[in-house]
Amino acid sequence: MYVGCHLSSAGGSEAMVQTACSIGANTFAFFTRNPRGSKAKRPNPEDDARAVELLKELRFGKLVAHGSYTMNLCTADPEARRFAAGILREDLARMAALPGNYYNFHPGSHVGQGTQAGIDYIAQALRSALAHGYPVQVLLETMAGKGSEIGGRFEELKAILDAVGSKDLGVCLDTCHVFDAGYDLVNDLDGVLAEFDRVIGLERLRALHLNDSRNPLGSRKDRHACLGAGCLGLDAFQAIVNHPALKDKPMILETPNELPGYQKEIALLRQMES
Ligand code: FE
Ligand code: FE
Ligand code: ZN
């Protein structure tokens, strides 16, 4: 199984691979720029090249880079929208330094313009960024549906995928988010995945974010909890990591932990694997 967590990119790419290794991970996530801002690190091609070698040598699964939370492709102001679309394109260009991995992002919030307008703006930005052909696969994250967030329903993600029309575009399933959005991973994992398959198609599912949720089914809250400390519980994660449709995908922890906590959860997930 490929399991890992979010790591700080402050020390560079090679350091992230080494840190991942030291806590038993064989994939990881990192923010391509300040998660709450838009500033990106200066590129370091030598460091990235060493990381690429090391990832191969250590047989890591695909990495799942994460776009900034502040990047809203469907914000109302046209200038801000253009800025966000530019950030997306720049992030994908930078991922070329670590080719063949994933880039996941939150589709966006339509801030009162309506779901369809939001979907159109997101698709437009994606089409133009993907036209450059950067060697990265882009993933839309399933969202909790809080506020005017797009992506709380599988149908909304499907509408974006259809509007973009690229077979390479995929989905990253966040367990806390889909549960908060009302999909019952605890009592009906098979049913949720059947629904995903019916609406989107399971071949589009490329990665998972493993998070327990502080809030009950359908709460639309998006507050992550450590595994077993929330409303999903450990049995749900045991079923998820062993499910034939999920078990080969990179699984990324975004639980409220520092490295020692992540190390324990990674070990726990590996123990659960049957
Ligand atoms: Fe996310
Ligand atoms: Fe997530
Ligand atoms: Zn979340």
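Keep in mind that what you see is a predicted model, and the values were worked out from it rather than measured.

The element strand 8 (residues 205–210) is extensively covered by neighbouring structure, given that 6 of its 6 residues are classed as buried. Relative to strand 8, strand 7 (residues 170–174) runs parallel, the two being bridged by 4 bridges. Across the sheet, residue Cys172 finds its bridge partner in strand 8, namely Ala207. As judged from the 3 bridges shared by strand 8 and strand 11 (residues 251–253), these two strands associate in the parallel manner.

Moving on to the packing of helix 5 (residues 154–164) against helix 7 (residues 189–199). Each pair of packed helices gets described by two things: the angle between the helix axes and the distance between those axes. In contact at an axis separation of 9 Å, helix 5 and helix 7 are set at 30 degrees when each is read in the N-to-C sense. Relative to helix 7, helix 5 is oriented roughly parallel. With respect to the hand of their crossing, helix 5 and helix 7 are arranged in right-handed fashion. For the pair helix 5 and helix 7, contact is made by Phe154, Glu155 and Lys158 and by Val192, Glu195, Phe196, Arg198 and Val199, respectively. Of the residues that constitute the contact of helix 5 with helix 7, the class distribution is 4 nonpolar, no polar and 4 charged.

Attention now goes to the coordination of the iron ion (ligand 2). For a metal bound by four donors in tetrahedral geometry, the ideal donor-metal-donor angle is 109.5 degrees, whereas six donors in octahedral geometry ideally sit at 90 or 180 degrees. Ligation of the iron ion (ligand 2) by protein atoms is provided by Glu141 (OE), Asp174 (OD), His209 (ND1) and Glu254 (OE), these donors lying 2.0 to 2.2 Å from the ion. Taken together, the 4 donor atoms surrounding the iron ion (ligand 2) define angles of 81 to 171 degrees at the centre, an arrangement classified as irregular. Read from N- to C-terminus, the donor residues coordinating the iron ion (ligand 2) fall into the pattern E-x32-D-x34-H-x44-E. Taken as an interatomic distance, the gap from the iron ion (ligand 2) to the iron ion (ligand 1) is 3.0 Å; Glu141 donates to each of them. Here His209 lies in strand 8 and Asp174 lies in strand 7, a separation of 35 residues in the sequence. Assigned by exposure class, Asp174 and His209 land together as buried.

Cut-offs applied
Residues numbered from 1 in each chain as written. Chains lettered and ligands numbered in written order. Predicted model: local features only at pLDDT ≥ 70, side-chain atom pairs only at ≥ 80, totals over all residues. Heavy atoms only, no water. Buried < 20%, exposed > 50% of the residue type's maximum accessible area, 1.4 Å probe, protein only. Helix = DSSP H or I, 4+ residues; strand = E, 2+ residues; numbered from the N terminus. Pairing = 2+ DSSP bridges. Axes fitted to C-alpha atoms, helices over the stretch in contact; angles between N-to-C directions. Parallel < 35°, antiparallel > 145°, perpendicular 65-115°, else oblique. Left-handed = near helix turned anticlockwise from the far one by under 90°. Contact = heavy atoms within 4.5 Å. Nonpolar A, V, L, I, M, F, W, Y, C, P; charged D, E, K, R; others polar. Donors = N, O, S within 2.8 Å, 3.2 Å for Na, K, Ca; no water. Tetrahedral: all angles 85-135°; square planar, octahedral: opposite > 155°, others 65-115°.

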